[in-house]
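Tertiary structure, described
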Amino acid sequence: MQKISVLLFLAWVCFLFYAGIALFTSGFLLTRLELTNHSSCQEPPGPGPLPWRSQGEPGACWMAARFSRVVLVLIDALRFDFAQPQRSHVPGEPSVSLPFLGKLGSLQRILEIQPHHARLYQSKADPPTTTMQRLKALTTGSLPTFIDAGSNFASYAIVEDNLIKQLTSAGRRVVFMGDDTWKDLFPGAFSQAFFFSSFNVRDLHTVDNGIMEHLYPTMDSGEWDVLIAHFLGVDHCGHKHGPHHPEMAKKLSQMDQVIQGIVERLENDTLLVVIGDHGMTKSGDHGGDSELEISAALFLYSPTALFLRAPPEEPEVVPQISLVPTLALLLGLPIPFGNIGEVMAELFSAVEDSQPHSSALAQATALYLNAQQVFRFLHTYSAAAQDLQVEEFHRLNNLFSKASADYLRLLQSPQGAEAALQTVITELQEFLRGVRAMCIESWARFSLSFLLLHLLAAGIPITTSGPFTVPWQAVSAWALMATQTFYSTGHQPVFPTIHWHAAFVGFPEGHGSSTWLPALLVGANTFASHLLFAVGCPLLLLWPFLCESQGSQKRRQPHGNEAEARVGPEEGEEEPLMEMRLRDAPHHFNVALLQLGLKYLFVLGIQILACALAASILRRHLMVWKVFAPKFIFEAMGFIVSSVGLFLGLALVMRVDGAVSSWLQQLVLAQQR
């Protein structure tokens, strides 16, 4: 068998495995089709005239703008309890003093002094809780895809409709300062920008200090309509020290001073939004779906009255993507085309009008526009993709039709219909929440394609006879040693335990704007065991000769004086060196390499098949996105790295074998002369 044939056949088998992994990934992990459609003021979100439209008012679109300016302060990893006050000690209960509690005191003071001007929410983020996926959700109103978690440090431009694009299309001046991830997501979108590198998690102050250097002068200049400040110190402090470290208290106190300074400079037409993109675990990490990771703070404030009622005792829990349609309508913008978030209805109450009917009608109008936009997106998406649940889609279609008819009927006779208005509001909210639940369910559907391809690859005959046959137990033990080394070196198949500090080995000052080098260093640190054992796998060809050598040594051990009498001419001859035995049957050598490679791939394939089965069987389990999906991704990446390493190892052995063959031929020719 020719060497090139062995390599090509192994490459074909690897391709089958790769195709199976890709098919399973597309069928199991959160996947969806990204539409490039965009909303516009000229195109209403649904049929018929726009309700409650302010004709002739400057800046009016689907709904008249309530604010002309917004300051968005994004504090990375601002967990919800970071914004809570330090509770007073209750007699009889043990006192609990957490360094992060009560440090954002300005929020609590505003809520107490101006209860109708501010509100604190518990914002629930959708996993994965990595920064890039959260930024996509916070600007598009859509669900992040799980597989995008791997591109958290290799961001790319958002092609879907989003708030930033709507703002720039409307001629608004958007100024940004902070995390340079925004630079890749929205290239050329900002009228002015101050970007700072976000990769060095050991640096707690450079980004935050850079923002504060430009924040207040920019606000005072007035040359902006939307100001976005993305602080990273809290997130980096969590990664470096954890949330219970005194440094976290210092960072939160610094953020409190920043918020106070912003509030003092706000004008009546400006809305302040303080939000965390995700939370963090007790160790300061994030990426999964635990309660601490998905729970973030959301604080809204306006110098003018914003709410009819005082804040509730317990902050309301809202999905994080609800901020997208809410901000769009408050600013008089179209809601991004692919948004599936629900507007926060209480922000659309008619505060200047004390009539309950007027407030309910304003809320119903905002919800109706939101529902029209989501309904349009569903129909466009269902025409381009077939992954929505048909029965649930029809049910939601009927629900929207009924709610829409009820709302339009109320517009004809608006007086004295408070109960009917509340019914319409409930129907519209049920529709919006049902759509979101359906999308989460539909975009996590399992496909059996992977199993079929895997069985096809696993069914390839890999049993041959010859002097180089490596037993199954040796191949299995070799693969298990690679896995054992992965765990023994401190790795685990979950995202929060990735050794990010490996990116700075040899580069203590960081990498500048480069992302491929730190990604390579982290990848090499994570999958080093897979690569080393795969490259060294051809050494198992020596296994039969090693066992034979040990057996012959035992047989040749002397027993008393009889050993000398039994030594004959044949037994006294020196056996060939183990390395030379590889040349005893050269016609079997390439076949043995192929057999060994297929066996090793089969064992690795069984491992990833087990992960795929576990993930598919438990795909509705609560821990699927925290345990089973990450485990599958790590196994898939480990398989790809191992297969590439195996290919390189076999190619190297073949190259050495060719050199030895050439050397032996030269020796034979020299002896013949």
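Residues numbered from 1 in each chain as written. Predicted model: local features only at pLDDT ≥ 70, side-chain atom pairs only at ≥ 80, totals over all residues. Heavy atoms only, no water.

Description of the packing of helix H15 (residues 472–488) against helix H17 (residues 528–535)
At their nearest, the axes of H15 and H17 sit 8 Å apart, and the two run at 155 degrees to each other. The pairing of H15 with H17 is recorded here as roughly antiparallel in orientation. The two elements H15 and H17 meet at a crossing, and its hand is right-handed. Contact residues: H15 offers Trp478, Met481, Ala482, Thr485 and Phe486, while H17 offers Ser529, His530 and Phe533. Of the residues in the contact of H15 with H17, the class split is five nonpolar, three polar and no charged. (Axes fitted to C-alpha atoms, helices over the stretch in contact; angles between N-to-C directions. Helix = DSSP H or I, 4+ residues; strand = E, 2+ residues; numbered from the N terminus. Parallel < 35°, antiparallel > 145°, perpendicular 65-115°, else oblique. Left-handed = near helix turned anticlockwise from the far one by under 90°. Contact = heavy atoms within 4.5 Å. Nonpolar A, V, L, I, M, F, W, Y, C, P; charged D, E, K, R; others polar.)

Concerning the nonpolar core
Counting residues in hydrophobic clusters, the biggest one holds 83 residues, and the most contacted among them are Trp182, Val273, Leu298 and Phe431. Tallying contributions element by element places helix H11 (residues 356–384) first for this core, with 12 residues. Excluding residues that lie within four positions of it along the chain, Trp182 makes contacts with Leu74, Leu135, Thr139, Ile164, Phe176, Phe190, Phe195, Ile228 and His230. In terms of nonpolar packing, the next biggest core, distinct from the first, is built from 49 residues, Val6, Ala503, Val522 and Ala592 among them. (Core = buried A, V, L, I, M, F, W, Y, C linked by side-chain atoms within 4.5 Å. Buried < 20%, exposed > 50% of the residue type's maximum accessible area, 1.4 Å probe, protein only.)

Observations regarding the packing of helix H12 (residues 390–412) against helix H13 (residues 418–442)
Each pair of packed helices gets described by two things: the angle between the helix axes and the distance between those axes. Axis separation between H12 and H13 bottoms out at 9 Å; the angle between their running directions is 155 degrees. It follows that H12 is roughly antiparallel to H13 by the angle criterion. H12 and H13 meet at a crossing whose hand is left-handed. Between H12 and H13, the contacting residues are Glu392, Phe393, Arg395, Leu396, Leu399, Phe400, Lys402, Ala403, Asp406, Tyr407 and Leu410 on the first element and Ala420, Leu421, Val424, Glu427, Leu428, Glu430, Phe431, Gly434, Val435 and Met438 on the second.

Brief notes about the UniProt feature "transmembrane region" (unreviewed entry) in the chain
As annotated by UniProt and renumbered to match this structure, "transmembrane region" (unreviewed entry) occupies residues 6–30, 527–546, 600–620 and 632–653. Structurally, residues 632–653 comprises 100% helix and 0% strand, and the distance from its first C-alpha atom to its last is 31 Å. (UniProt positions renumbered as here; feature names shortened; annotations may be inferred.)

Thoughts on the pattern of salt bridges
Throughout the structure, instances matching the rule amount to 15 salt bridges. A salt bridge links Asp208 to Lys251; the shortest N-O distance between them is 2.8 Å. Taken together, the positions of Asp208 in helix H6 (residues 206–221) and Lys251 in helix H8 (residues 246–265) put the pair 43 residues apart, joining distant regions of the chain. Accessibility expressed as a relative area gives 0% for Asp208, which makes it buried. Given a relative accessible area of 2%, Lys251 falls into the buried group. Here the salt bridges do not stand alone but share partners, grouping Lys402, Asp406, Arg409 and Glu427 into one network. (Salt bridge = Lys/Arg side-chain N within 4 Å of Asp/Glu carboxyl O.)

Focus: H17
Residues of H17 that are buried: Ser529, His530, Phe533 and Ala534. What you see down the axis of H17 is that its buried residues fit within an arc of 120 degrees, all on one side. (Arc of directions from axis to C-beta.)

Some details on the packing of aromatic side chains
Under the definition given, this model contains 19 aromatic pairs. Consider the rings of Phe186 and Phe190, whose centres lie 6.4 Å apart with planes at 75 degrees: the pair is edge-to-face. According to the relative accessible area criterion, Phe186 is buried, its value standing at 5%. Taking relative accessible area as the criterion, Phe190 reaches 14% and is therefore assigned buried. Centre to centre, the rings of Trp478 and Phe533 are 5.2 Å apart; their planes meet at 65 degrees, and the pair counts as edge-to-face. Taken together, the positions of Trp478 in helix H15 and Phe533 in helix H17 put the pair 55 residues apart, joining distant regions of the chain. Judged by its relative accessible area of 19%, Trp478 is buried. On the basis of relative accessible area, Phe533 is assigned to the buried category, the value being 14%. Among the aromatic side chains, those forming a connected cluster through ring pairs are Phe176, Trp182, Phe186, Phe190 and Phe195. (Phe/Tyr/Trp six-rings, centres within 6.5 Å; stacked < 30°, edge-to-face > 60°.)

Details of the sheet that holds strand E8 (residues 317–319)
Overall, mixed pairing links the eight strands, which are arranged E4-E3-E5-E1-E6-E7-E2-E8 in an open sheet. Each having just a single partner strand, strand E4 (192–196) and E8 make up the two edges of the open sheet. Neighbour-to-neighbour, the strand axes of the sheet open up by a mean angle of 20 degrees, direction not taken into account. The pairing of strand E2 (residues 118–124) with strand E7 (residues 295–301) spans seven bridges and is classified as antiparallel. Each residue of the ladder has a partner; that of Ala118, found in E7, is Tyr301. (Pairing = 2+ DSSP bridges.)

What about the environment of Arg309?
Considering the arrangement of structural elements, one finds Arg309 in the loop between E7 and E8. The exposure class of Arg309 is exposed, given its relative accessible area of 59%. Between the alpha carbons of Arg309 and His116 there is a distance of 6.4 Å; along the sequence they are 193 residues apart. In this view, Arg309 contacts Pro115, His116 and Arg119; residues no more than four positions away in its chain are not counted.

Regarding a nonpolar patch on the surface
On the surface, a cluster of nonpolar side chains totalling about 450 Å² of accessible area is made up of Leu531, Val535, Met637, Ile640, Val644 and Leu648. For the nonpolar patch, the secondary-structure elements that each account for two or more residues are H17 and helix H22 (624–672). In terms of residue count, H22 provides more of the nonpolar patch than any other element does, four residues in total. For Ile640, a relative accessible area of 32% corresponds to the partly exposed category. (Patch = residues over 30% accessible without salt bridge, like charges linked within 9 Å, V, L, I, M, F, W, Y side chains within 5 Å. Areas by Shrake-Rupley, 256 points an atom, 1.4 Å probe, with all protein chains shown as cover.)

Quick notes on the pairing of E7
Of all the seven residues making up E7, seven are buried; the element is thus mostly covered by neighbouring parts of the structure. Burial along E7 is two-sided: the residues Ser295, Ala297, Phe299 and Tyr301 and Ala296, Leu298 and Leu300 are all buried. Relative to E7, strand E6 (residues 270–275) runs antiparallel, the two being bridged by four bridges. When the bridges of E7 are listed, Ile275 appears paired with Leu298.

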